Amino acid sequence: LAATWATPAWSQAAGKKLVIGFAQTGAESEWRTANTDSVKAAAQAAGYELKFSDAQQKQENQIKAIRSFIAQKVDVIILAPLVTTGWDTVLKEAKAAKIPVILESRNVVVKDPSTWTTFVGSDFVEEGRRAAQWLLGHTKNTTGTVNIVELQGTVGSDPAIERKKGFEEVLKAHPRYKIIRSQTADFTRAKGKEVMEAFLKAEGKKINVLYAHNDDMAIGAIQAIEEAGLKPAKDILVIGVDAVKGAFEAMIAGKMNVSVECNPLLGPQLMEAAAKAAAGQQLPRWIKSIEGVFPAEVAAKEFPNRKY
Ligand code: GZL
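About the thresholds
- Residues numbered from 1 in each chain as written.
- Predicted model: local features only at pLDDT ≥ 70, side-chain atom pairs only at ≥ 80, totals over all residues.
- Heavy atoms only, no water.
- Helix = DSSP H or I, 4+ residues; strand = E, 2+ residues; numbered from the N terminus.
- Expected span 1.5 Å × (residues − 1).
- Buried < 20%, exposed > 50% of the residue type's maximum accessible area, 1.4 Å probe, protein only.
- Arc of directions from axis to C-beta.
- Contact = heavy atoms within 4.5 Å.
- Polar contact = N/O pair within 3.5 Å; in protein donor to acceptor, adjacent residues only side chain to side chain.
- Pairing = 2+ DSSP bridges.
- Axes fitted to C-alpha atoms, helices over the stretch in contact; angles between N-to-C directions.
- Near = heavy atom within 4 Å.
- Areas by Shrake-Rupley, 256 points an atom, 1.4 Å probe, with all protein chains shown as cover.
- Nonpolar A, V, L, I, M, F, W, Y, C, P; charged D, E, K, R; others polar.
- Phe/Tyr/Trp six-rings, centres within 6.5 Å; stacked < 30°, edge-to-face > 60°.
- Right-handed = clockwise from strand over helix to strand, strands pointing away.
- Salt bridge = Lys/Arg side-chain N within 4 Å of Asp/Glu carboxyl O.

Draft legend 1. How the structure looks around helix α6 (residues 189–203). Given a rise of 1.5 Å per residue, 15 residues ought to cover 21 Å, and the 21 Å separating the end C-alpha atoms of α6 matches this to within 8%. For α6, the full list of buried residues reads Gly 192, Val 195, Met 196, Phe 199, Leu 200 and Glu 203. Take α6 and look down its axis: the buried residues cluster within an arc of 145°, on one side only. Looking at α6, the residues exposed on the side facing more than 90 degrees away from the buried face are Ala 190 and Lys 201. Where the residues of α6 are buried, they touch β6 (146–152), β7 (177–184), β8 (209–212) and α7 (215–227). Between a side-chain oxygen at the N-terminus of α6 and the backbone nitrogen of Lys 191 the separation is 3.2 Å; the capping residue is Thr 188.

Draft legend 2. Just the sheet that holds strand β9 (residues 237–242), in detail. In spatial order, the strands read β7-β6-β8-β9-β10-β12; together these six strands make up an open sheet with mixed pairing. Strands at the two margins of the open sheet, each flanked by one partner only, are β7 and β12 (293–295). Across the sheet, the mean angle from the axis of one strand to that of its neighbour is 15°, orientation sign disregarded. Note that β8 and β9 share three bridges and pair parallel. When the sheet's bridge partners are listed, Val 209 is paired in β9 with Leu 237. α6 rests against β6, β7 and β8 of the sheet, and its axis sits at about 135° to β7.

Draft legend 3. Broad picture of the site of the ligand. Neighbouring residues of the ligand: 13 residues in total, closest Glu 28, Ser 105, Arg 106, Arg 163 and Asp 242. Take Glu 28: an N or O atom from its side chain is 2.6 Å from an oxygen atom of the ligand. The contact in question runs from an oxygen atom of the ligand to an N or O atom on the side chain of Asn 214, over 2.9 Å. Contact with the protein chains hides 100% of the accessible area of the ligand, taken as 320 Å² for the molecule alone. Considered class by class, the residues forming the shell around the ligand number five nonpolar, three polar and five charged.

Draft legend 4. Representation of the packing of aromatic side chains within the structure. Applying the stated criterion across every chain, the model contains six aromatic pairs. Centre to centre, the rings of Phe 248 and Phe 303 are 5.9 Å apart; their planes meet at 15°, and the pair counts as stacked. Of this pair, Phe 248 sits in helix α8 (residues 245–252) while Phe 303 sits in the segment after α10 (296–302), and the two are 55 residues apart along the sequence. When its relative accessible area of 0% is taken as the criterion, Phe 248 is described as buried. Each residue in the set Phe 119, Phe 124 and Trp 286 is aromatic and connected to the rest through ring pairs, giving one cluster.

Draft legend 5. Representation of α8 within the structure. Among all positions in α8, only Gly 246, Ala 247, Phe 248, Ala 250 and Met 251 are buried. As for α8, its buried residues are in contact with α1 (30–46), α6, α7, β10 (258–261), β12 and α10. Taken from the residues just after α8, Gly 254 is the one with a positive phi, measuring 75°.

Draft legend 6. Focus on the pairing of strand β4 (residues 101–104). Judged by which residues are buried, β4 turns out to be covered on both faces: Val 101 and Leu 103 on one side and Ile 102 and Glu 104 on the other are all buried. At this point the chain moves from strand β3 (residues 76–79), through helix α3 (residues 88–96), to the parallel β4, and the crossover so formed is right-handed. Judged from the three bridges that link them, β4 and strand β5 (residues 118–121) form a sheet pairing that is parallel. By the bridge assignment for β5, Glu 104 is matched with Val 120.

Draft legend 7. Representation of the pattern of salt bridges in the model. One pass over the structure, following the stated rule, counts 22 salt bridges. Across the pair Arg 129 and Glu 169 runs a salt bridge, and its minimum N-O distance is 2.5 Å. In this pair, Arg 129 sits in helix α4 (residues 124–138) while Glu 169 sits in helix α5 (residues 158–171), placing the two residues 40 residues apart along the sequence. Overall, the relative accessible area of 32% leaves Glu 169 in the partly exposed class. Residue Arg 306 is joined to Glu 261 by a salt bridge in which the shortest nitrogen-to-oxygen separation is 3.1 Å. Of this pair, Arg 306 sits in the segment after α10 while Glu 261 sits in strand β10; the two residues are 45 residues apart in sequence, bridging distant segments of the chain.

Draft legend 8. Fine view of the sheet that holds strand β1 (residues 19–24). Pairing in this open sheet of six strands is parallel, and the strands run β2-β1-β3-β4-β5-β11 from one edge to the other. One side of each edge strand has no neighbouring strand; the edge strands of this open sheet are β2 (49–54) and β11 (286–288). The average undirected angle you get between the axes of adjacent strands in this sheet is 20°.

Draft legend 9. Inspection of unusual backbone geometry at higher detail. For Ser 105, which is not glycine, the phi dihedral falls at a positive 70°. A positive phi angle, close to 125°, is found at Asp 242, a residue other than glycine. Considering the arrangement of structural elements, one finds Asp 242 in strand β9. Owing to a relative accessible area of 3%, Asp 242 belongs among the buried residues under this scheme.

What is shown is where atoms sit, not what they do.
Okay, structure coming up:
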């Protein structure tokens, strides 16, 4: 059951402007900047005050930001938790201060789940399944071993853990598909290129597929593949997640095969959830994003419709 909160002293009738503290991970990817823009725009549209903190990919900065929001007595805290663990103490402090916490874009693992009100974000296991299902379909007329290298997202983050889980869950029934190398590139283009260079040095032409937990790492890896004299999307299939602009551009250029969408435009849902949480209303434990899969064949047609 969603945690219910005592109605705070203020009420909408008093017309008090909602004050929200937003502890963002940083600006590691195109997805993240689109997510930040969506939250800021939705807060402005709602007439709410948004106190924004960019943690530069450090959990301790997010914890500091949350403590500062508590000290400032904000009405609601929105947290995009960099990693799943390490939140028990600070979320207990928020609960003690009767400030609802809304998780967005990543989930947490805590002993007392009543310390957070709702998670607004995607089903990352399903995103991993969709990546594997696309690969199975795309290679169904081939035989022999399919060697996969995997660029994982931030170590210990919810999307990295679950995209790996979903991908492996589907492939375990197909033993000819083998993940021969798997390493984190922290969701960034720069690291994606660096780690893919290492994979290519170690495995070279043995690599048939790249599965990247986000498009930014895939785009970095594409540069490494080209610099190694290989053709991305042909010599090595390139699978990404997020469906950001960069992925559509790569697919239209024939350098990427597919991107599994992960919707960053969570601002409107977050503002609605924040107002309800501040008013002590019941909320679902998970407000799930709606999203699809975009293979290169549809990229050019879809591109004009994209909003991030
Ligand atoms: C997903 C989000 C992930 C994106 C990455 O909800 O947490 O973090 O897939 C981003 O691009 O860095």
